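Chains, contacts and geometry: an overview
Here's the letter readout for the chains.
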Amino acid sequence: MNLIAFSHWLESTPLSQSIQTTSWAIPGIQVMHILCLATLFALALNLSLRVAGRGLALESSRSLAQRFVPAMAICLLLLLLSGSLLIIAEPSRTITNQMFYIKMSLLLVAVVLTLWLANVARREPDKPSRLHVAVAVLCMLVWTGIIVAGRYIAYYIT
Amino acid sequence: MSTTFLEWLQGTPLAVSVAEEWFPLVESVHVITMAMVAGTIFLVDTRLMGLTSTRLPFSYVSERLLPWTWVAFGCSVLTGTLMFMSNATGYYDNTPFRVKMVLLLLAGLNMLYFQMVTFRSVAAWDAGRPPSRARLSGLVSIGLWCGVIGFGRWIGFVIGK
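First, a word on scope: everything that follows refers to the structure included in this document. (Residues numbered from 1 in each chain as written. Chains lettered and ligands numbered in written order. Predicted model: local features only at pLDDT ≥ 70, side-chain atom pairs only at ≥ 80, totals over all residues. Heavy atoms only, no water.)

Turning next to the overall build of chain B. Scanning chain B for helices and strands turns up 7 helices and 0 strands. Walking chain B from its N terminus toward its C terminus, one meets helices and strands in the order α-α-α-α-α-α-α. For chain B, the spread of C-alpha atoms along the principal axes amounts to about 55 × 25 × 25 Å. The burial tally for chain B puts 48% of its 161 residues in the buried class. Put simply, of all contacts in chain B between residues at least 6 apart along the chain, 77% involve residues at least 24 apart. Here chain B displays about 8400 Å² of accessible surface, and carbon together with sulfur accounts for 70% of that area. Averaging the positions of the 11 positive and the 8 negative side-chain charges in chain B gives two centres separated by 17 Å. (Helix = DSSP H or I, 4+ residues; strand = E, 2+ residues; numbered from the N terminus. Buried < 20%, exposed > 50% of the residue type's maximum accessible area, 1.4 Å probe, protein only. Contact = heavy atoms within 4.5 Å. Areas by Shrake-Rupley, 256 points an atom, 1.4 Å probe, with all protein chains shown as cover. Lys, Arg positive; Asp, Glu negative; His and termini not counted. Charge placed at Lys NZ, Arg CZ, Asp CG, Glu CD.)

So this is what it looks like as structure tokens:
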């Protein structure tokens, strides 16, 4: 089964149909998606800042990672859930959209970089190395790229 | 507001170039800065409610995070203004847009009241659990910002050209 056939099948499922026919469902799911991304973005910013020796530096980086990483995981799960519902509701909008695949590739990179930063934070280095600062900056750039790619999905519908 | 002014506004070269070319990029920057604003505000508000970062003083958390909030808010206002200009008459007639502006104003008033009244006694509760008035202020702020985001997203679904 090719992607277009899969997309048509998904669109015809009862779950997809019920989201499509409920007027507030897609905006509501999108708002949940945005709230989670805002929270995840701010948590990622603070983890990155902390690893770079800035931000909430009064708290040990280990303790900050212990608090923030589980919260980020919950946000990511909710983002994957709401994102999946949006794909199920309008598969033709995403499944054949190259911007969506760029977004998902960037997401993989962001997760790897964030986990690496969390690992550095747990080891509590005395001073941030140049590599730590560079990865922290790169990590935030990739999260930013994900938001841009996400917004551009709407402009690249094929 | 006069229709003549709104029509003039959306006819300016800047507004036309946003409408015809730059809208997706301006909107993306708006989403990034909005995420920064709301996300950092949620972290400060949940500390104010005594729910997160409880081992850090409230004033420290707000001092460290709010500069990011304000810079992002400035960029959000700028990009929001550009989007408004690109279709001024459409946004002006748009109910979710109007509700969003009212909620933004209320969020500002809530913050002002907190700064002028509640925050004056911060020394007494900075390291511990904030008083009920402060916690309420945090809750109201979170609610209002969720509303700003909700109605903001809604604008795009009902905007007319």
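Turning next to the interface of chain A and chain B. Each partner contributes to the interface: chain A provides 29 residues, whereas chain B provides 30 residues. The contact between chain A and chain B buries some 2600 Å² in all, and 76% of this surface belongs to carbon and sulfur atoms. At the surface where chain A touches chain B, the tally comes to 1 salt bridge. Across the salt bridge formed by Glu27 of chain B and Arg151 of chain A, the nearest N and O atoms sit 2.9 Å from each other. Our count for the chain A to chain B interface comes out at 9 residue pairs in polar contact (both at pLDDT 80 or more). Looking at the side of chain A that touches chain B element by element, the count peaks at 15 residues for helix H3 (residues 25-51) of chain A. Broken down by class, the residue content of the side of chain A that touches chain B amounts to 19 nonpolar, 6 polar and 4 charged. (Buried area = accessible area lost by both parts, 1.4 Å probe. Salt bridge = Lys/Arg side-chain N within 4 Å of Asp/Glu carboxyl O. Polar contact = N/O pair within 3.5 Å; in protein donor to acceptor, adjacent residues only side chain to side chain. Nonpolar A, V, L, I, M, F, W, Y, C, P; charged D, E, K, R; others polar.)

Another point: the environment of Glu20 of chain B. Residues and elements named next belong to chain B. Within the secondary structure, Glu20 is located in helix H2 (residues 13-48). Classification of Glu20 as exposed rests on a relative accessible area of 67%. Residues Glu20 and Ser86, 66 residues apart in the sequence, show an inter-C-alpha distance of 8.5 Å.

Before going further, it helps to examine the packing of aromatic side chains. Residue and element names in this part refer to chain B. According to the stated counting rule, one finds 15 aromatic pairs over all chains in the structure shown. Between Phe58 and Phe119, the aromatic rings sit 6.2 Å apart at their centres with planes inclined by 65 degrees, giving edge-to-face as the arrangement. Here Phe58 is found in helix H3 (residues 58-86), whereas its partner Phe119 is found in the loop between helix H5 (95-116) and helix H6 (122-125), with 61 residues between them in sequence. Since its relative accessible area comes to 23%, Phe119 is described here as partly exposed. (Phe/Tyr/Trp six-rings, centres within 6.5 Å; stacked < 30°, edge-to-face > 60°.)

For the rest of this paragraph, the subject is the state of the cysteines. All names here are of chain A. Taken as a whole and judged by the stated rule, the model has 0 disulfides over all chains. For the unlinked cysteine Cys139, the closest cysteine sulfur is that of Cys75, found at 14 Å. Its relative accessible area of 1% is what places Cys139 among the buried residues. (Disulfide = S-S within 2.5 Å.)

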